[in-house]
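Architecture at a glance
The lines below spell out each chain.
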Amino acid sequence: MLQDIRLHGQINPRITFYATVAGAEIGNRFFHETDQGGGHSRERFFSSGNEFILTDQGVSYRGNGGSFCEQMFGVEQPPQDLRRPEIRNRLILYGAYYAPTLRRIIFTNDTEGHQGFDQVFLHGHAICNYFFFLHWDHQGKPRAQQEEILKHLGRLLKRSPSVGREDDARIAREILDEIQDPRAVVFLFRLIHRPHQAYRDAIREIYARERNLGGEDLRQVEALAHEMALDLYQQERIKIDVISKHPDNIRIVEEYRETLLSLEDKGPISPADMARLHRLRTLGMRNAIPLVLFDSMDAHLLREHQIPKLDEPEYLTETRAILQDIFLSPRAVECPIPPEDLVRLIKTKQHATALRDASFDLLLLDACRTCDEKAQAVGDARLLEQFGTIVAYLDRYDSAANFINRLALIEGAALSEEHLRSLLGSKREFEKVKPGLFREVFIDPLRRDPYLTRYGRKKLEILKRGLDQIEEGIISLRDLAQELGQFAQEERVAARVRSYLKARIKSTRLEHKSRQDQDAFVQGLANILKAKRFMGVQITNGLIEGILLDLKKESLYLNTILPKALASKNRQLREDFLQFSGLDRFYIEELEREYCETHQIPMAHLEQMWR
């Protein structure tokens with residue numbers, strides 16, 4: 001009969017452990033000892049050649065077994081695991097390593113080791129990691145046992161959802177079921193980093209409520225993280241994990257992964273494929289998914305031979321010529337950098353960023369090396385000063401683009417006075433190079449982005465007008481920050497009201513009622529909303545009427561326009577509706593996806609409409 005023993009303890013102020021021992025007759029074969037000598041805690045679990053020791057500094061182990069954890073950003077995974085969406089967890093067996101040249105796992109008898117807790121939670125999951133070993137009837141050296149464990153448990157431990165749920169009893173039962181040894185005993189150890197867990201829970205609460213990470217709530221959480229001395233990298237890992245695993249974002253992340261995987265056998269990446277990836281990145285950015293998550297998938301899943309092998313793009317050839325003219329020509333030291341060259345470099349940086357082309361940065365690194373060598377040869381540091389000028393402008397570009405893109409593309413995002421002060425400084429510097437350059441580089445490209453929502457467009461207008469008025473002395477930085485904050489709050493409220501109205505209208509099957517009943521029902525909902533205060537904001541008639549009008553347009557599109565466009569493959573019919581209805585493309589594409597899933601229409605038909 002299956003039995004289990006569970007122990008729970010705290011090995012130091014930051015680390016909690018749970019030990020589960022499960023199997024047959026464990027009362028006679030369970031070995032554990034505790035040592036509190038010298039002011040240090042030590043928990044030792046052992047059984048016939050296997051040992052796992054917990055101290056206040058880390059863990060030690062020998063024998064068979066290994067560790068596993070749920071996948072998260074920053075956990076190194078074999079490339080083949082990244083290509084299989086069903087694989088949820090990372091598994092490491094003691095004494096085993098992957099040999100790339102042989103394309104297989106090599107097992108050794110060297111299964112003894114030690115890991116400090118910082119190492120466990122840095123290279124593994126930031127919050128929860130498992131270790132295990134088996135007491136079983138398998139005879140043989142550790143190498144042979146590890147091969148058998150991988151054969152029996154590899155598939156299970158990489159795919160089991162019980163790991164993410166931290167269901168220790170179920171994991172133990174699953175292991176024993178796979179081993180199929182009636183006398184086997186599994187020793188399972190779950191380690192929890194309590195400060196990381198508290199930080200994760202706080203971030204999860206903020207994101208679930210606001211669908212964004214910012215504002216006073218986040219500042220308070222980050223102040224708490226500072227008090228708990230949490231590593232900044234771990235904080236970012238946890239934020240990425242929380243956001244990417246939110247139910248609304250899982251589909252975006254998985255679709256991006258599937259798109260990358262679909263490119264493996266296609267050869268060069270087509271413009272249509274790049275447009276699809278760009279669309280998913282934009283959707284991710286709107287939901288505050290950090291772009292570094294997509295960049296990481298690009299690095300692991302896009303192989304170099306798939307990228308089109310073209311001659312150097314014109315914009316890179318132009319960049320190379322500019323840099324050579326600045327730093328290698330006879331006038332390099334005497335003459336300042338021409339403004340027109342700075343403008344071209346800034347716009348090339350913008351173009352390379354849009355294409356996610358790292359070649360531009362590599363050119364800069366080469367120019368830096370050449371500049372340094374020449375400066376040392378002639379004994380004149382003015383070349384390095386000129387290069388520093390270029391780098392300063394490009395750094396300003398990165399900073400300003402990050403602030404403005406987040407403001408425009410992320411729902412409910414605003415800017416603090418500090419951010420606005422930085423933007424104002426950048427605007428002044430860019431305008432010195434060329435009047436109107438700030439608008440050309442940062443505002444106009446976003447206005448042309450098809451996924452920019454009405455609220456995003458309005459925030460851009462407020463920002464542009466506000467920065468101009470600050471320079472004219474009409475308003476202050478605080479005034480502009482307050483205006484953007486209030487509008488961002490209205491954007492969040494509008495999203496909540498829209499979801500509320502749509503859910504209530506759908507649940508009552510309003511389309512089957514008479515026009516008089518429809519009007520009465522909608523008016524009743526409007527009265528309820530006006531009496532409510534969503535997030536402290538009073539709901540106005542204008543807001544409700546605008547949202548109701550949008551919902552009517554959506555209904556018209558789903559019931560009339562979209563079916564006709566799909567049946568006739570008339571892309572222009574869809575584009576005309578998008579242009580004249582004023583609805584956001586972002587929301588329309590989500591409606592189209594739901595429509596195709598509901599009516600079992602192949603996504604390929606829809607993707608043809610998006611091209």
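Below is a short write-up of the structure. (Residues numbered from 1 in each chain as written. Predicted model: local features only at pLDDT ≥ 70, side-chain atom pairs only at ≥ 80, totals over all residues. Heavy atoms only, no water.)

In this section: the overall build of the protein. When helices and strands are tallied, the protein shows 25 helices and 15 strands. The buried share of the protein, taken over its 611 residues, is 47%. Of the roughly 31000 Å² that the protein leaves accessible, carbon and sulfur atoms contribute 51%. (Helix = DSSP H or I, 4+ residues; strand = E, 2+ residues; numbered from the N terminus. Buried < 20%, exposed > 50% of the residue type's maximum accessible area, 1.4 Å probe, protein only. Areas by Shrake-Rupley, 256 points an atom, 1.4 Å probe, with all protein chains shown as cover.)

For the rest of this paragraph, the subject is the environment of Arg173. Within the secondary structure layout, Arg173 lies in helix α6 (residues 168-179). Residue Arg173 is classed as partly exposed on the basis of its relative accessible area, which comes to 36%. Taking C-alpha positions, Arg173 is 9.8 Å from Gln3, a pair spaced 170 residues apart along the chain.

Enumeration over the complete set of coordinates arrives at 45 salt bridges. Residue Arg454 pairs with Asp584 through a salt bridge whose shortest N-O separation is 3.9 Å. Of this pair, Arg454 sits in helix α19 (residues 454-471) while Asp584 is found in the loop between α23 (571-581) and α24 (585-598), placing the two residues 130 residues apart along the sequence. Overall, Asp584 belongs to the buried group, its relative accessible area being 8%. Put simply, Glu33, Arg42, Arg44, Glu51 and Arg62 are held in one network by salt bridges that share partners. (Salt bridge = Lys/Arg side-chain N within 4 Å of Asp/Glu carboxyl O.)

The next point concerns the nonpolar core. Core analysis: the biggest nonpolar cluster contains 116 residues, and Phe68, Phe132, Leu153, Ile175, Phe442 and Leu463 have the highest contact counts within it. The greatest single-element share of this core, amounting to 13 residues, is contributed by helix α16 (residues 382-409). Core analysis: the second largest hydrophobic core is formed by 21 residues, Val21, Phe52, Val59 and Val120 among them. (Core = buried A, V, L, I, M, F, W, Y, C linked by side-chain atoms within 4.5 Å.)

What follows covers the pairing of strand β8 (residues 89-93). Burial of β8 is extensive: four of the five residues sit out of reach of the surface. Of the pairings in the sheet, the one linking strand β7 (residues 66-70) to β8 comprises five bridges and is antiparallel in character. Bridging across to β8, Phe68 finds its partner in Leu91. (Pairing = 2+ DSSP bridges.)

Even without glycine at this site, Ser48 takes up a positive phi of about 40 degrees. For Lys569, which is not glycine, the phi torsion reads 55 degrees and is therefore positive. Within the secondary structure layout, Lys569 lies in the loop between α22 (541-568) and α23.

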